[in-house]
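So you can see what is in the structure, the chains are spelled out below.
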Amino acid sequence: MAYGLFLALDQDKWYRNDFSSENKLTGTIYTDKQMTVKKNLTGYTLTVRMWKDRAWGDRFNQIASIVSATEGTWSYAVATGNMPPPGIYKVSIELTKSGVKESTLNRQELFVKIGPSAE
């Protein structure tokens, strides 16, 4: 198991009612803190996890799609009712392969806003 996976989330905000199949939550996973070496995601299952500070449990726990395994990129098409209530959430990615779980170490933030769609 490689120690040290880091998430770069492509969005810093999301409108709660944005369910467009074209507009997806996306990001890249790296193997170094400087985010220069992309993680090869071949064979992994990726779970996007969101939670609030000082609160128990995940508010969002969904399986993401790998966009390019060799480039470390993933996406998740948000479905109706999936996004948690408005607020600021911490985001991490959990990677599972052959029963072994790893998680990104840095915590990215996503601001879930009230509204029907993206700006």
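Definitions and limits used
Within each chain, residue numbers correspond to sequence positions counted from 1 in written order. The predicted nature of this model means local features are confined to residues of pLDDT at least 70 and side-chain atom pairs, given and counted, to a pLDDT of 80 or more, with totals for whole chains, interfaces and linings taken over all residues. Side-chain descriptors were evaluated using all non-hydrogen atoms of the structure, hydrogens and water having been removed beforehand. For helices the rule is a DSSP run of H or I covering at least 4 residues; for strands it is a run of E covering at least 2, with both sets numbered from the N terminus onward. Using a 1.4 Å probe on the protein chains alone, a residue whose accessible area is under 20% of its type maximum counts as buried, one over 50% counts as exposed, and one in between counts as partly exposed. The contact criterion used throughout is that any non-hydrogen atoms of two residues lie within 4.5 Å. Methods summary: accessible areas were calculated by the Shrake-Rupley approach with a probe of 1.4 Å, and residue burial reflects only the protein chains presented. For this document, the term salt bridge refers to a Lys or Arg side-chain nitrogen within 4 Å of an Asp or Glu carboxyl oxygen.

J.: Break down the overall build of the protein for me, citing the residues and quoting the values.
T.: Looking only at helices and strands, the protein has zero helices and nine strands in total. Sequence-ordered secondary structure for the protein, helices as α and strands as β, is β-β-β-β-β-β-β-β-β. Its C-alpha atoms give the protein principal-axis dimensions of roughly 40 × 35 × 30 Å. The 119 residues of the protein split such that 42% are buried. When contacts within the protein are restricted to residue pairs at least 6 apart in sequence, those whose partners lie at least 24 apart make up 64%. Accessible area for the protein stands at about 6700 Å²; split by element, carbon and sulfur atoms hold 49% of it.

J.: Describe in detail the pattern of salt bridges, supporting the description with residues and values.
T.: Think of it this way: side chains of opposite charge can pair up when their charged atoms draw near. For the structure on display, the rule yields six salt bridges. The salt bridge partner of E71 is K38, with a shortest N-O separation of 2.9 Å. Of this pair, E71 sits in the loop between strand 5 (60-68) and strand 6 (73-76) while K38 sits in the loop between strand 3 (25-30) and strand 4 (45-51), placing them 33 residues apart in sequence. A relative accessible area of 37% means that E71 is categorised as partly exposed. On the basis of relative accessibility, which here comes to 37%, the residue K38 falls in the partly exposed class. Notably, a salt bridge pairs D58 with R49, separated by 2.8 Å at the nearest N-O pair.

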